[in-house]
Amino acid sequence: MVAITKDAGTFVTNRRPNTTITLMDMPRQWVKRYDLRQKLAVMDSRMLRDIGWNVFDARREAAKPFWKA
């Protein structure tokens, strides 16, 4: 599960304890990250304020490529 939460400008994910992302998990993470960044990019300032983001940070996060956390 991935939540749109502001934590030092990154997305917070619930990860399995004591495991690393396997090669099979990476494409799923990329798709989720891309989807969430696209949603973040179209939110207005009121919606961003509701989830604890400001416009500048949201636009910066949305501009990142999908492979960057």
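- Per an unreviewed UniProt entry, the recorded name for the chain is DUF1127 domain-containing protein, and the organism is Thalassospira lucentensis.

1. Things to note about the packing of aromatic side chains
Right, on to step 1. Scanning all chains against the criterion turns up two aromatic pairs.
Right, on to step 2. Ring centres 5.4 Å apart and planes at 70 degrees place the aromatic pair Trp 30 and Phe 66 in the edge-to-face group. Here Trp 30 is found in helix α1 (residues 25-42), whereas its partner Phe 66 is found in the segment after α3 (55-62), with 36 residues between them in sequence.
Right, on to step 3. The interplanar angle of 85 degrees and the centroid separation of 5.1 Å between the aromatic rings of Phe 66 and Trp 67 together place this pair among those described as edge-to-face.
Right, on to step 4. Ring-pair connections join several aromatic residues into one group, and the members of that group are Trp 30, Phe 66 and Trp 67.

Cut-offs used in this document
- Residues numbered from 1 in each chain as written.
- Predicted model: local features only at pLDDT ≥ 70, side-chain atom pairs only at ≥ 80, totals over all residues.
- Heavy atoms only, no water.
- Phe/Tyr/Trp six-rings, centres within 6.5 Å; stacked < 30°, edge-to-face > 60°.
- Helix = DSSP H or I, 4+ residues; strand = E, 2+ residues; numbered from the N terminus.

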